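# Fold and contact review
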Amino acid sequence: MGIERRKKVDSKDQVTFKRIPEFDVIKGIGMLVVMIFHIVYRTRGGIADNIIRASLIAVIAGYFVISGLLHGVERRTIIGEYINKFKHLVLPTVVVTFVASVFGGIYCHIVHGMSVSAWIRNIVYIYLRPELSVKVVGDMDPIKDMVFLDLSTTWFAWTLIIAYIVFIPLSKLILKSQALSIAATVAMFVLGNIIYVNVGSSPWNASLVPLYVSAMLLVQHLKYENIVAKIRKMNIVASITSTIAAMFAMFGMYFYILDDHMYEAQLGVFHLLKFKHWSYPYGYAKVNPLVEYKGLIWIEGTCHILAGLICLYVGINIARYIRKIRGASKLLEYIGKNSLYVMILHSLIALPFVDLLHCINKMGAKWYLDDLTPEITIKSIICAILSLVCCLIICRAKDTIYPKIKKGGR
């Protein structure tokens, strides 16, 4: 069975799993894509915009693929896995988001005049999403609700948490039978497509969770150490050629099938059939007409999973060469290891720099600007860089302080 090749046995006869740097590099690159997507202004529909948006689709799906690939099914019991995810995923998400919302609320009150009631509404939006809470606390204001908008990226953490709740017990099936695991993978894929067609938009992108889980289960049958080893051994011509081909395939799926509004549970639009646009408070999205062609909806689900696999393959190939540059590799690995914190904090941390440089908050009401100038673009790039630096400083402080607190509590 494939899982047997993943484990190593230490001196205490416990299963341990070594960390593979390439995956941290991929996650680090992914976080840079996310930051650029959220902070940097560019021309809507331009080359840079399309590259960033297509890359984002691959990155989001790729995170789930990597999470499934690295999940060690023999490490703990199901309850033990849940406890571990609570400590290392749920608790940090809740605490960091709340602390960020408090500091963000104070800042927005002082600088932007945010009221206490608006701040409370923002916190409700952050944790429950507007899809659930808008009827209780009122409509979202894309100009005033800065705290929510700049922390809205936490949807991904909650989607991953929900996915793990479903994935963890199903992941144990591979220990009993590969046939059972494959059956569960197919069932999640079919269920995911059915839910997407009949449910649509949902809080935390929960309606796409079954599709994400099917991708996580699928890659359990791959031996990640063997994958990395084989790619490392590829000659440079084959590596570059196949990577470019995979990237073109990803861009093809983006242009003709997929869309980047995953948090709206919109996988995309099948341009070859029919498409239209609808207005959105701070941007635009492509409406998915495949709900009118329910027999074809599985095409999108398949391509979404393929996007994750492409992210994995292209990412490993790129990481293979980046790791030859020690400084760049270490930086990306560190960003990757702290991707949860960078993902939650980057947009909110960028807000003071946006105000300082008299730029425009991209997470606000103007996702794209019709009168975009080079000055705004340059300033937004500076804001992204400064935000990244501050995120890394915070992560470094966390790495320094937390072990001392943990040691003192024992």
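How each quantity is defined
- Residues numbered from 1 in each chain as written.
- Predicted model: local features only at pLDDT ≥ 70, side-chain atom pairs only at ≥ 80, totals over all residues.
- Heavy atoms only, no water.
- Helix = DSSP H or I, 4+ residues; strand = E, 2+ residues; numbered from the N terminus.
- Buried < 20%, exposed > 50% of the residue type's maximum accessible area, 1.4 Å probe, protein only.
- Contact = heavy atoms within 4.5 Å.
- Areas by Shrake-Rupley, 256 points an atom, 1.4 Å probe, with all protein chains shown as cover.
- pLDDT = per-residue confidence, 0-100.
- Core = buried A, V, L, I, M, F, W, Y, C linked by side-chain atoms within 4.5 Å.
- Patch = residues over 30% accessible without salt bridge, like charges linked within 9 Å, V, L, I, M, F, W, Y side chains within 5 Å.
- Salt bridge = Lys/Arg side-chain N within 4 Å of Asp/Glu carboxyl O.
- Axes fitted to C-alpha atoms, helices over the stretch in contact; angles between N-to-C directions.
- Parallel < 35°, antiparallel > 145°, perpendicular 65-115°, else oblique.
- Nonpolar A, V, L, I, M, F, W, Y, C, P; charged D, E, K, R; others polar.
- Disulfide = S-S within 2.5 Å.
- Expected span 1.5 Å × (residues − 1).
- Bend = angle between axes of the 7 residues up to and from the residue.
- Phe/Tyr/Trp six-rings, centres within 6.5 Å; stacked < 30°, edge-to-face > 60°.
- Lys NZ or Arg CZ within 6 Å of the ring centre and 35° of its normal.
- Left-handed = near helix turned anticlockwise from the far one by under 90°.

## Considering the overall build of the chain
For the chain, the count of helices and strands is 15 helices and four strands. Each of the 410 residues in the chain was classed as buried or not, and the buried ones make up 52%. Long-range contacts, defined here as pairs at least 24 residues apart, represent 76% of the contacts in the chain between residues at least 6 apart. Accessible area of the chain: about 19,100 Å², with a carbon and sulfur share of 69%.

## Quick notes on the side chain of Ser214
Structurally, Ser214 is set in helix α9 (residues 209-218). Those residues in contact with Ser214 that sit more than four places away from it in its chain are Thr185, Met188, Phe189 and Ile305.

## So, the environment of Glu333
Tracing the sequence through the fold places Glu333 in helix α13 (residues 326-337). Glu333 sits 306 residues away from Lys27 along the chain, and the two C-alpha atoms are 7.7 Å apart. In this view, Glu333 contacts Pro21, Asp24, Val25 and Arg323; residues no more than four positions away in its chain are not counted.

## As for the environment of Ser133
On the secondary structure map, Ser133 appears in helix α4 (residues 116-137). With a relative accessible area of 2%, Ser133 lands in the buried category. The contacts of Ser133, once residues within four sequence positions are left out, are Val124, Tyr125, Leu128 and Gly138.

## Comments concerning the confidence of the model for the chain
On average, residues of the chain carry a pLDDT of 83, and 83% of them reach 70 or more. The weakest mean pLDDT in the chain belongs to strand β3 (residues 277-280) at 36; the strongest belongs to helix α14 (residues 339-356) at 96. Throughout residues 1-17 the model reports pLDDT below 50, and contacts reaching past four residues in sequence, or to other chains, amount to 35 contacts.

## Quick look at the nonpolar core
For soluble globular proteins, the rule of thumb is that nonpolar side chains tend to be buried together. Ranked by internal contacts, the top residues of the largest apolar core, which has 103 residues, are Phe23, Phe64, Met250 and Leu258. It is helix α2 (residues 47-70) that contributes the most residues to this core, 13 residues altogether. Apart from the residues within four sequence positions on either side, Phe64 is in contact with Phe156, Thr159, Leu160, Ala163, Tyr212 and Met216.

## Regarding a nonpolar patch on the surface
Where nonpolar side chains cluster on the molecular surface, the patch consists of Phe86, Leu91, Val95, Phe98, Val99 and Phe103 and spans about 570 Å² of accessible area. The topology assignment puts Phe86 in helix α3 (residues 78-112).

## Overview of the packing of α2 against helix α11 (residues 236-256)
Two packed helices can be described by the angle between their axes and the distance between those axes. At a closest axis distance of 10 Å, the pairing of α2 and α11 adopts a crossing angle of 100°. One way to sum up the angle between α2 and α11 is to call them roughly perpendicular. Residues Asn50, Ile51, Arg53, Ala54, Ile57 and Ala58 of α2 touch α11, and the partners they reach there are Met250, Phe251, Tyr254 and Phe255. Residues belonging to the contact of α2 with α11 are distributed by class as follows: eight nonpolar, one polar and one charged.

## Looking at the pattern of salt bridges
Applying the stated criterion to the full structure yields nine salt bridges. The closest approach of N and O atoms between Arg44 and Asp370, which form a salt bridge, is 3.9 Å. Taken together, the positions of Arg44 in the loop between α1 (21-39) and α2 and Asp370 in the loop between α14 and α15 (374-408) put the pair 326 residues apart, joining distant regions of the chain. By relative accessible area, which is 38% here, Arg44 ends up partly exposed. Within this structure, Glu22, Arg232, Arg323 and Glu333 form a network of salt bridges that share partners.

## Structural notes on the state of the cysteines
Linking two cysteines covalently through their sulfur atoms gives a disulfide. This model, assessed by the stated rule, comprises zero disulfides. Sulfur of Cys390: no disulfide; nearest cysteine sulfur belongs to Cys391 and is 7.2 Å away. A relative accessible area of 23% places Cys390 in the partly exposed class.

## As for unusual backbone geometry
Positive phi, normally seen in glycine, also occurs at His358, with a value near 55°. Within the fold, His358 resides in the loop between α14 and α15. Residue classification places His358 among the exposed positions, given a relative accessible area of 70%.

## Focus on helix α6 (residues 155-171)
With 17 residues, α6 extends 23 Å from end C-alpha to end C-alpha; this agrees with the ideal 24 Å at 1.5 Å per step. The axis of α6 is deflected most strongly, by about 30°, at Ile165, and proline Pro169 appears within four residues downstream. Every buried residue belonging to α6 is among Trp155, Phe156, Ala157, Trp158, Thr159, Leu160, Ile161, Ala163, Tyr164, Phe167, Ile168 and Ser171, and all of these are buried. On its buried face, α6 is in contact with α2, α3, α4, α7 (173-176), α9 and α14.

## A closer look at the packing of aromatic side chains
Inspection of the entire model under this criterion finds nine aromatic pairs. Between Tyr63 and Phe156, the aromatic rings sit 5.6 Å apart at their centres with planes inclined by 90°, giving edge-to-face as the arrangement. One end of the pair, Tyr63, is in helix α2; the other, Phe156, is in helix α6, and 93 residues separate them in sequence. When the centroid spacing of 5.9 Å and the interplanar angle of 85° are considered together, the rings of Trp155 and Phe156 count as edge-to-face. Of the two residues, Trp155 and Phe156, both sit in the buried class. The aromatic ring of Tyr41 is capped on one face by Lys362, whose charged end is 5.9 Å from the ring centroid. The cationic tip of Lys362 hangs over the ring face of Trp367; the distance from NZ or CZ to the ring centre is 3.5 Å.

## Remarks on the packing of α1 against α2
α2 packs onto α1 with a crossing angle of 145° between their chain directions and a minimal axis gap of 9 Å. Along this stretch, α1 crosses α2, giving a crossing that reads as left-handed. Of α2, the residues touching α1 (which contributes Phe23, Ile26, Lys27, Gly30, Met31, Val33, Val34, Ile36 and Phe37) are Ile52, Arg53, Ser55, Leu56, Val59, Tyr63, Ile66, Leu69 and Leu70.

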